[in-house]
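If you want the building blocks of each chain, they are given just below.
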Amino acid sequence: MLETIYLVRHGFRQSFDSFPQNSPTGTKKDPPLTALGIEQAREVGAYFSDPNKGGKEAPEMIFSSPYYRCLQTATCTADALDLPIHVEFGISEFYQRTIPGTGLHPRPPSASKLRLHFPRVSVTVHDEPLLYASRNGETFSGIHDRADEFIRILLKYMRENFPDVKRVMLVSHAATVIALGRAIVRDRTLAIRAGTCSLSRFDRVKPSSSALESGGGRGNEEDIGTWKCTLNGWTGHLKSGEQRHWDFDGEIEMEEAGQGEGVLQAHEEEEEGDEDIKDEDTKAKL
């Protein structure tokens, strides 16, 4: 049974203004890590591979946002622990609602194509995304709704497909990391630190009713059990300490503005889940 969820924000990235229009995967708004960000990502891997530090309770599975900077970050821990990376679109970047007529927000290519750039990416039958974020963007409440839905689906997925795995790591973005942490403890007011390559840890206190059932019943799928935050945006593993913390409080004006410009991508294809979702914030795969 899953007992621990680690949340890691990607490392220090290049700025959107200085980076060329497309990432190596052809995705817009997708800058890679800086030299500092790469060093931070390596320090995460070193922490979890050291038996005298995080290696005692290292993650057994790694899920990563499909964006380049997150996959770079996840790769360092995956290499250190010799684990595959499971690409998950449900923990993708948070974007404002798009302005009509400006296009949609970017969505990176599928796991099979990302594997060409990141060999650790897994492409097995278990690697269909659990959730898709809307390419029309989200409100603040929308990103929290997505996080709530993703955590519910993730716990059910792990229970049914990987019942022996106790610890997972999710590599994502600042806003998504905060929303995921709040979803795990079911508290949308929880203040979560989200510096680059910061580490938050959530431990299960009480199993859900579904996990306690016998005979294969699913029980109440909305019941995720009781969890507590035991590390909050910790950066003790980083030589540079906390860098580039982000939180929702500093973005109130952005939320009030309400919308941002979308993009048109040259490499876009009609892949499953890639349609223009106009009337819903998320599309579940389960």
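Residues numbered from 1 in each chain as written. Predicted model: local features only at pLDDT ≥ 70, side-chain atom pairs only at ≥ 80, totals over all residues. Heavy atoms only, no water.

**What about the overall build of the chain?**
No. 1: When its secondary structure is counted, the chain shows seven helices and ten strands.
No. 2: The buried share among the 286 residues of the chain stands at 53%.
No. 3: Summed over its atoms, the accessible surface of the chain is roughly 12500 Å², and 48% of this surface lies on carbon and sulfur atoms. (Helix = DSSP H or I, 4+ residues; strand = E, 2+ residues; numbered from the N terminus. Buried < 20%, exposed > 50% of the residue type's maximum accessible area, 1.4 Å probe, protein only. Areas by Shrake-Rupley, 256 points an atom, 1.4 Å probe, with all protein chains shown as cover.)

**Examining the sheet that holds strand 3 (residues 85–87)**
Sheets are built from strands paired through backbone hydrogen bonds, the pairs being either parallel or antiparallel.
No. 1: The six strands lie next to each other as 3-2-6-1-7-8, forming an open sheet whose pairing is mixed. Across the chains shown, the open sheet's two edge strands, defined by having one partner strand only, are strand 3 and strand 8 (226–234). Pairs of neighbouring strands in the sheet enclose a mean axial angle of 20°, with direction left out of account.
No. 2: For strand 1 (residues 4–9) and strand 7 (residues 199–206), the ladder comprises five bridges, and the chain directions are antiparallel. In the sheet register, Ile-5 faces strand 7, and the bridge partner there is Phe-202.
No. 3: Packed on one face of the sheet, helix 2 (residues 68–81) meets strand 1, strand 2 (61–64), strand 3 and strand 6 (167–172) and runs near 170° to strand 2. (Pairing = 2+ DSSP bridges. Axes fitted to C-alpha atoms, helices over the stretch in contact; angles between N-to-C directions. Contact = heavy atoms within 4.5 Å.)

**Thoughts on the confidence of the model for the chain**
No. 1: Looking at the chain, the pLDDT average stands at 85 and 79% of residues meet or exceed 70.
No. 2: Within the model, the stretch residues 252–258 combines pLDDT values under 50 with eight contacts to residues more than four positions away or in other chains.
No. 3: Considering only residues more than four positions removed or in separate chains, one finds that residues 266–286, a stretch of pLDDT under 50, has 51 contacts. (pLDDT = per-residue confidence, 0-100.)

**Side note on empty space enclosed by the protein**
No. 1: Tallied over the entire structure, the rule returns two cavities of 30 Å³ or more.
No. 2: Each pocket or cavity is described by its volume, and for the largest cavity that value is around 120 Å³.
No. 3: Every residue lining the largest cavity is counted, 14 residues in all, and those nearest its centre are Tyr-67, Ser-92, Pro-106, Ala-133 and Ser-134.
No. 4: When grouped by side-chain class, the residues that make up the lining of the largest cavity number six nonpolar, four polar and four charged.
No. 5: Roughly 50 Å³ of volume is contained in the second largest cavity.
No. 6: Around the second largest cavity sit Phe-63, His-86, Val-87, Glu-88, His-126, Asp-127, Glu-128, Leu-130 and Tyr-157, which together line it.
No. 7: Tallied by class, residues from the lining of the second largest cavity come to four nonpolar, two polar and three charged. (1 Å grid on protein atoms, 1.4 Å probe; cavity = no way out; pocket = protein on both sides within 12 Å on 5 of 7 lines; lining within 4 Å. Points joined across faces, edges and corners; volume = space filled by probe spheres on them. Nonpolar A, V, L, I, M, F, W, Y, C, P; charged D, E, K, R; others polar.)

**Focus: helix 2**
No. 1: Given a rise of 1.5 Å per residue, 14 residues ought to cover 20 Å, and the 20 Å separating the end C-alpha atoms of helix 2 matches this to within 8%.
No. 2: By the criterion of burial, helix 2 is predominantly enclosed, with eleven of the 14 residues buried.
No. 3: When we look at burial in helix 2, the residues that qualify are Tyr-68, Arg-69, Cys-70, Leu-71, Gln-72, Thr-73, Ala-74, Thr-75, Cys-76, Thr-77 and Ala-78.
No. 4: Packing partners of the buried residues in helix 2 comprise strand 1, helix 1 (35–49), strand 2, strand 3, helix 3 (111–114) and strand 6. (Expected span 1.5 Å × (residues − 1).)

**Overview of the pairing of strand 6**
No. 1: Of all six residues in strand 6, six are buried; the element is thus mostly enclosed.
No. 2: Of the two faces of strand 6, the one carrying Arg-167, Met-169 and Val-171 and the one carrying Val-168, Leu-170 and Ser-172 are both buried.
No. 3: Direction of pairing for strand 1 relative to strand 6: parallel, over a ladder of six bridges. Among the inter-strand pairings, Tyr-6 is bridged to a residue of strand 6, identified as Met-169.
No. 4: Strand direction decides the pairing type here: strand 2 and strand 6, joined by four bridges, are parallel. Bridging from a neighbouring strand, Ile-62 pairs with Met-169 of strand 6.

**So, the packing of aromatic side chains**
No. 1: One pass over the structure, following the stated rule, counts eleven aromatic pairs.
No. 2: On the numbers, 5.2 Å between centres and 65° between planes, the contact of Tyr-47 with Phe-48 is edge-to-face.
No. 3: By relative accessible area, which is 1% here, Phe-48 ends up buried.
No. 4: Cluster of aromatic residues (ring-pair linked, three or more members): Tyr-6, Tyr-47, Phe-48 and Trp-234.
No. 5: Looking at Arg-244, its charged tip hangs above the ring of Phe-12, at a distance of 3.7 Å from the centre. (Phe/Tyr/Trp six-rings, centres within 6.5 Å; stacked < 30°, edge-to-face > 60°. Lys NZ or Arg CZ within 6 Å of the ring centre and 35° of its normal.)

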